[in-house]
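Observations on chain architecture
Spelled out, the chains give:
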Amino acid sequence: EKKEKKKKVTKPKNLNDENAVLIVFNDDFNTFEFVIDCFIEICGHTFEIASKLAWIIHTTGSAVVKSGDYDEMKKMKDLLVERGIFAIVQKAESN
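1. Brief notes about the packing of aromatic side chains
Overall, the coordinates contain two aromatic pairs when judged by the stated rule. Sitting above the plane of the Y70 ring, K91 keeps its charged end 4.6 Å from the centroid.

2. What to know about the environment of T46
Turning to its location among the elements, T46 is positioned in the loop between α1 (32-43) and α2 (47-60). For T46, a relative accessible area of 40% translates into the label partly exposed. In this structure the C-alpha to C-alpha distance between T46 and I36, which are ten residues apart in sequence, comes to 9.2 Å. Here the side chain of T46 touches I49 through a polar contact of 3.2 Å, landing on its backbone nitrogen.

3. A look at the sheet that holds strand β3 (residues 87-91)
Taken in spatial order, the three strands of this open sheet run β2-β1-β3, and their pairing is antiparallel. Either end of the sheet is taken by a strand with one partner, and the two such strands are β2 (62-68) and β3. Neighbouring strand axes in the sheet, compared pairwise and without regard to direction, differ in orientation by 25° on average. Pairing between strand β1 (residues 20-25) and β2: six bridges, direction antiparallel. Bridging from a neighbouring strand, V21 pairs with S67 of β2. Of the strands in this sheet, β1, β2 and β3 touch helix α3 (residues 70-82), which is tilted by about 165° from β3.

Rules and cut-offs
Residues numbered from 1 in each chain as written. Predicted model: local features only at pLDDT ≥ 70, side-chain atom pairs only at ≥ 80, totals over all residues. Heavy atoms only, no water. Phe/Tyr/Trp six-rings, centres within 6.5 Å; stacked < 30°, edge-to-face > 60°. Lys NZ or Arg CZ within 6 Å of the ring centre and 35° of its normal. Helix = DSSP H or I, 4+ residues; strand = E, 2+ residues; numbered from the N terminus. Buried < 20%, exposed > 50% of the residue type's maximum accessible area, 1.4 Å probe, protein only. Polar contact = N/O pair within 3.5 Å; in protein donor to acceptor, adjacent residues only side chain to side chain. Pairing = 2+ DSSP bridges. Axes fitted to C-alpha atoms, helices over the stretch in contact; angles between N-to-C directions. Contact = heavy atoms within 4.5 Å.

What follows is the structure in structure tokens.
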């Protein structure tokens, strides 16, 4: 009996991959348009995704807007904060 061997493609797992989340909180002074533009420019989101995130933040108070490498999330957080958006980076919970 010939057993078929499946080739396992193992990607080298970077320990920093997906280890942080970028969270943005609602405020009473930034406009939807401004926040959406920041999400497009800084986070690389499409208009549709940026709009949905802005609405979730507005209605629930906060949302995870991006996840990934901690250093990358920190850079995005700093750029958002520079523009007056209340954002934090949290280490992602490992499952």
